[in-house]
Structures are given as C-alpha cells and as structure tokens.
Amino acid sequence: MICTITSSKNGSEDSSATTIEGWHGWSHERAIHFLHGGPIVILDTATGGAGLAALSWNSEAPMEADGEGQWALGGARLHSIALLPTLAELRGEQLLMRSEQPGALAHATLFLPEAWAAARIESAADERALALEIEGAEGALTLWLNTAPGESITLGWITSDAEALLLREGQLCSIGGTRAEIGGARFTLPAGEGCQPLP
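Keep in mind that what you see is a predicted model, and the values were worked out from it rather than measured.

A short note on the packing of aromatic side chains
And then number 1: Within this structure, the stated rule accounts for one aromatic pair.
And then number 2: Note on Trp57 and Phe111: the rings are 5.2 Å apart at their centroids and 90° apart in plane angle, and the pair reads as edge-to-face. Here Phe111 lies in strand 11 (residues 104-112) and Trp57 lies in strand 5 (residues 54-58), a separation of 54 residues in the sequence.

Quick notes on the state of the cysteines
And then number 1: All told, the structure shown has one disulfide when counted by the stated rule.
And then number 2: What pairs with Cys173 in a disulfide is Cys195, and their sulfur atoms sit 2.1 Å apart. A torsion of 105° about the S-S bond marks the disulfide between Cys173 and Cys195 as right-handed. Of this pair, Cys173 sits in strand 18 (residues 171-175) while Cys195 sits in strand 21 (residues 193-197); the two residues are 22 residues apart in sequence, bridging distant segments of the chain.
And then number 3: Residue Cys173 is classed as buried on the basis of its relative accessible area, which comes to 1%.

Describing the nonpolar core
And then number 1: Ranked by internal contacts, the top residues of the largest apolar core, which has 24 residues, are Leu130, Leu132, Ile134 and Leu145.
And then number 2: Those elements giving two or more residues to this core turn out to be strand 4 (40-47), strand 11, strand 13 (129-136), strand 14 (139-146), strand 17 (164-168) and strand 18.
And then number 3: The element best represented in this core is strand 11, accounting for five residues.
And then number 4: For Ile134, the contacting residues outside a window of four places in its chain are Pro39, Leu110, Trp116, Ala119, Arg120, Gly139, Ala140 and Leu141.
And then number 5: If you look at the next biggest cluster of nonpolar residues, it comprises 14 residues, including Ala129, Ala131, Trp144 and Ile182.

Comments concerning the pairing of strand 18
Moving residue by residue along a regular strand, the side chains alternate between the two faces of the sheet.
And then number 1: Counted residue by residue, strand 18 has four buried out of five residues, so it is predominantly covered.
And then number 2: Note: strand 17 against strand 18, five bridges, orientation antiparallel. Looking at strand 18, one finds that Arg168 is bridged to Gln171.
And then number 3: Counting the residues in the hairpin turn of strand 17 and strand 18 gives two residues, including Glu169, whose phi is positive at 55°.
And then number 4: Bridge count between strand 18 and strand 21: five bridges; the pairing is antiparallel. Paired with Gln171 across the strands is Pro197, a residue of strand 21.

What counts, and at which threshold
Every chain is numbered independently, its residues counted from 1 as its sequence is written. Where local features are concerned, this predicted model is filtered to residues with pLDDT of at least 70; where side-chain atom pairs are given and counted, the filter is 80 or more; whole-chain, interface and lining totals use all residues. With hydrogens and water stripped out, all remaining heavy atoms of the structure feed into the side-chain values. Aromatic rings from Phe, Tyr and Trp, with only the six-membered ring used for Trp, were paired whenever their centres fell within 6.5 Å, and each pair was classed as stacked if the ring planes differed by under 30 degrees, edge-to-face if by over 60, and tilted otherwise. Helix numbers and strand numbers start at the N terminus; a helix is a DSSP run of H or I with at least 4 residues, a strand a run of E with at least 2. To count as a disulfide, a pair of cysteine sulfur atoms needs to be within 2.5 Å. For every residue, the accessible area obtained with a 1.4 Å probe (protein chains only) is divided by the maximum for its type, and the residue is called buried under 20%, exposed over 50%, and partly exposed between those limits. Buried Ala, Val, Leu, Ile, Met, Phe, Trp, Tyr and Cys residues that are joined via side-chain atoms within 4.5 Å together make up what is termed a nonpolar core. It only takes one pair of heavy atoms within 4.5 Å for two residues to be counted as in contact. Should DSSP find at least two bridges between two strands, the strands are taken to pair.

Keep in mind that these numbers describe shape and distance, not what the molecule does.
This is the structure we're talking about:
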C-alpha cells in the first residue's frame, strides 16, 4: 500500500490531497478544500475494487435529515453530492454512502458551518467534475473541481484543466492547470497555484 499526501494554499483557500493505492485492490483519492471563513468541501474518488465502495461520516450527536441530500449537524449542515450514483443511509450519528455500481465511488461532501448553514446551494456534477455555487449572508462563491487534473473538462459555464478553481470576491484562484474559460472569458492560470482578478 502506498500513501501520498500533498498540500497547497492561496489567498482564499487551503487544500490537501491524499492518495492511497493498493488497498485490497482499491485506489482512493481525497481532496479537501478549506475555504477561508467559509465551507469545507471534500471530494472522494475510489476505483479498482471488485465490490461496492462505501464512505461514512460520524458526528458527536445524531444527524437529522434536512431535505434531499442534506443533514443538520446542530447549527451546521452537511450537503451530499454524488458524482456517481450513491445510496445514503442515516444511522443516528453515522451517515453512510454506498456506491450503486461495483468498482467505483465518486462523492463530494460540503460542510457548511453555522454562519453559512442557511446558504443557497446550486450544484452540477458528473463523474469527472463538480461545480458548486454557494450564496449566503457571509458572501457568495463558486468552486469548480476536476477529478482528472490536466484533462480539459467542461461543466456548466466553466472549462478548465485545473485541479480546482475558486471564484470569490472578484478573484479567480486556481490550483494546477494552465487555462480556464469562464462564461466566455479566457484566463491563463499561474504555475502551481495563485489568484488573479476577475474582469
């Protein structure tokens, strides 16, 4: 089994990526995006195993269903987004997500702290990318994540080969990649990670 951990930061977020290879035939990648003063987004992908994959979250107190794909955690909220078909099961303090197809899991979890718990969320997802638009009393942001960094992918109104793009407070922040097209406007991305003003 091989485990690799990387991290990066820019003006609007810190992120980490963990890859585990060769665990009973599975490879698992987890990317965590800590948006400064805002939500936490966790993207999990797993491939290669012969059976079904599962992902669970545990809390100190029982969770409560709060709409489709949403659960209340005290004053905070958890939002579940499946990039591949997933079944969710709530067991008191544990939320369990199981893949519906053998050999693959792709799932995003959005943790909204209390200040963002009432935020409006719009999401679009497929097996290769995730786009989140979050608007609340604390502000508005768009987060776009690519599960195959280096490959140019179009989802919604964004096309990019970046690992992650964050649009917030008039800035475009990026991790990896070389280019992005956002609503028809084209951007050259800085090497590694960095931010630039939006027009």
